[in-house]
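If you want the building blocks of each chain, they are given just below.
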Amino acid sequence: MIEPNSELIIDYELIRNNIQVIRSNLHSNCKIMGIIKSNAYGHDLKKASQALDDVIDGYGVVRLGEALKIREVSSKPILAMQGVYSSDAYDALKKNNIWSVVHSISQLPLAKQYQDDLLFWIKVNTGMNRLGIGLDEFDQCHWLFKDSNTLMTHLACADNPEDELNNTQLKNFDDAWNQVANSMQRSVLNSAGIFNFPDQAYDWVRPGIAMYGGIDFPGLKTAMTFRSQIISIQSLDKDERIGYGGRVKTKKPSKIAIVYCGYADGFPQTAIDGTSVIVNSYQSQIIGRVSMDLISIDVTEIPDCKIGDWCELWSADLSILENAKKNHLISYELMTKMSQRVKRQYLNI
Ligand SMILES: *Cc1c(COP(=O)(O)O)cnc(C)c1O
């Protein structure tokens, strides 16, 4: 074994496949704004924008700095989704042809100075009550109601189509649209919305997590493989305890493998016993508390398991959602919390 390290292998071909799955659920005129905020949910902002440029129609980010990085490698539309706040920033938008969101009437004075030079997406607060201009103050931005701009909102419960807030938000969005009364473009849906409310796709959809395979839908695959090597194997008797706090006791004679990876690499410290991993194509489970740099797994039933074998924490073959659901976490958080010390490999850019 060479000096071991935890590894994150990002396969852009899997992301492109996921985007095809998304596209096959949309009407043919609908454009995809791929959301690559937060370093493309841990999949490398710049490489992702190179690798996906042929299969998406635009990019959505949060910060101006992210938008400028993408502009170095792509000429597609880029939207700064949380808006900008200074004339320097507006100048940068203009110079680099970047679109931005106006989500608050406090942004209107500056935005107005640039109204002839920039494209804006007007974000309406339809009931999520996070960002967005309220319906009661919506007429204050009437000068933004022009065909080149886009009307947008964000659903709070798109992942739960039964929730009545969806209907309220969609109705409020229609009300805003009726006030606009022109041929602006519209954008409502994130990943979950694309699968649960396909008739609200309009002109642009904004998928993030689905591109990376962090949501349950047939055909989507986790695009990152997180793995590390086994550096020790313990043969234990029945009734022996494992790891900090001695959280578990063996029920029978057991073989326990110690994996070179822990919560300091980005594996959740709160992972419970029974959380699945894969070793040599066999399913294995976490047993005992996750340490800073080590994880223990039960390999009793895995034939010929030895030091140096790789353990996959999640991958295309073991959805990141299995870990997230088992541990009451969300795939978004697992993806964006991968630590710097994990060695990166990039496939099929
Ligand atoms: C993050 C974000 C998205 C993407 O959400 P997913 O659930 O990852 O698809 C879309 N729209 C806005 C406004 C966002 O902030």
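All values reported here derive from a predicted model rather than from experimental measurement.

**Q** I tried to follow the overall build of the protein on my own but got confused; where do I start?
**A** For the protein, the count of helices and strands is ten helices and 18 strands. Counting every position in the protein, which comprises 349 residues, the buried fraction comes to 54%. When contacts within the protein are restricted to residue pairs at least 6 apart in sequence, those whose partners lie at least 24 apart make up 66%.

**Q** What exactly am I supposed to notice about the domain arrangement of the protein here?
**A** Accessible area lost upon the coming together of the parts is a frequently used measure of interface size. If you check the domain split of the protein, you get domain 1 (12–212) and domain 2 (224–315 + 317–347). A straight line from the C-alpha centre of domain 1 to that of domain 2 covers 37 Å. Roughly 820 Å² is buried in total at the junction of domain 1 and domain 2, and carbon and sulfur atoms are behind 65% of that figure. When the buried surface of domain 1 facing domain 2 is broken down by residue, Tyr12, Tyr41 and Ile209 rank first, second and third, together holding 49% of it. Our count for the contact surface shared by domain 1 and domain 2 stands at zero salt bridges. At the junction of domain 1 with domain 2, the criterion picks out one residue pair in polar contact (both at pLDDT 80 or more). Of all the secondary-structure elements, those providing two or more residues to the side of domain 1 that touches domain 2 are α1 (12–23) and α2 (37–42). Top contributing element to the side of domain 1 that touches domain 2 by residue count: α2, with three residues.

About the criteria used
Residues numbered from 1 in each chain as written. Predicted model: local features only at pLDDT ≥ 70, side-chain atom pairs only at ≥ 80, totals over all residues. Heavy atoms only, no water. Helix = DSSP H or I, 4+ residues; strand = E, 2+ residues; numbered from the N terminus. Buried < 20%, exposed > 50% of the residue type's maximum accessible area, 1.4 Å probe, protein only. Contact = heavy atoms within 4.5 Å. Domains from an automatic or database assignment. Buried area = accessible area lost by both parts, 1.4 Å probe. Salt bridge = Lys/Arg side-chain N within 4 Å of Asp/Glu carboxyl O. Polar contact = N/O pair within 3.5 Å; in protein donor to acceptor, adjacent residues only side chain to side chain.

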